[in-house]
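Results of the structural survey
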Amino acid sequence: GTLSRGPCVCASAGDGSFQDISLNEKMLTIGSGYSCSGPDRVWLDFRQLFQVCWAPGHTVLVADAGNKRIQHRSANTGDLVKMMGEGELEEPRGVCMLSCGSKLIVADGEQHDSACLKVFHLSNGSLHSVLPLAKGLLKRPIGLAVSPDGTMLAVANNLADNVLILNVSDLANPTVVQVGQHGGGEGELDRPYDVAFTPDSQQVAVADGNNQRIQ
């Protein structure tokens, strides 16, 4: 997301629900995970949530990885607007809106041949395109963030221990810059989990998972 004041949403991967939290301390919990524990567990609304983001009309998009889909939900009531990506997604771990407001981008797959960034139409949930990136560049992409000026996309490239910065002004020909490498020193990453742009679009904050810090 973007580092700014305002309402926020947070995912809870453990119980399969997420919360819409605003600065006036009102909270709405949306969805439930499973009906019981153990081998008889039945999943209800969500399974393995990874990222939640805002969408137009005070709605949210949910990367419902375990169910291999994106859910579009009302942030006011929690009601389902529509499902997206069913039959087209392998394991979506990241989702964010593009600046045009009519398309969303999804980080899908684990690594090598399967990992990719897919663009969907928000209006009907249909697949628009797959970003043409070099084979092997993505290795379990997780968190996504679009810069406030709409020109750049940051990707937490989890298994590669780096962050990718893509110029998405032209989705058919995005340029890519890799930031970071494996390690625990300054500027080094160990399983980056999420990313966020500062309001001026000039810097990126990275949740550096195994190093237990924000860079």
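Rules used throughout
Residues numbered from 1 in each chain as written. Predicted model: local features only at pLDDT ≥ 70, side-chain atom pairs only at ≥ 80, totals over all residues. Heavy atoms only, no water. pLDDT = per-residue confidence, 0-100. Contact = heavy atoms within 4.5 Å. Core = buried A, V, L, I, M, F, W, Y, C linked by side-chain atoms within 4.5 Å. Buried < 20%, exposed > 50% of the residue type's maximum accessible area, 1.4 Å probe, protein only. Helix = DSSP H or I, 4+ residues; strand = E, 2+ residues; numbered from the N terminus.

Focus: the confidence of the model for the protein
- Averaged over every residue, the pLDDT of the protein is 85; residues scoring 70 or more account for 81%.
- Low pLDDT, under 50, characterises residues 2-6; the stretch is placed with 12 contacts to residues that sit more than four places away or in other chains.

Remarks on the nonpolar core
- The biggest cluster of nonpolar side chains holds 19 residues, and the ones touching the most others in it are Ile105, Leu117, Leu131, Leu144, Leu153, Val155 and Leu166.
- Every residue in contact with Leu153, bar those within four places of it in the chain, is listed here: Cys96, Ile105, Leu117, Leu144, Ala145, Val146, Leu164, Ile165, Leu166, Val168 and Phe197.
- Judged by nonpolar contacts, the second largest core, of 13 residues, contains Leu61, Ile70, Met97 and Leu104.

Quick word on the environment of Leu171
- Note that Leu171 resides in the loop between strand S14 (162-167) and strand S15 (175-179).
- Classification of Leu171 by relative accessible area gives buried; the value is 19%.
- The sequence separation of Leu171 and Val119 amounts to 52 residues, and the corresponding C-alpha distance is 9.0 Å.
- When near neighbours in sequence (up to four residues on either side) are disregarded, Leu171 contacts Leu98, Val119, Leu131 and Pro132.

Concerning the environment of Ala160
- Structurally, Ala160 can be placed in the loop between strand S13 (152-157) and S14.
- Relative accessible area serves as the criterion here: at 23%, Ala160 is assigned to the partly exposed category.
- The spacing of Ala160 and Asp190 is 30 residues in sequence and 8.6 Å in space, taken between C-alpha atoms.

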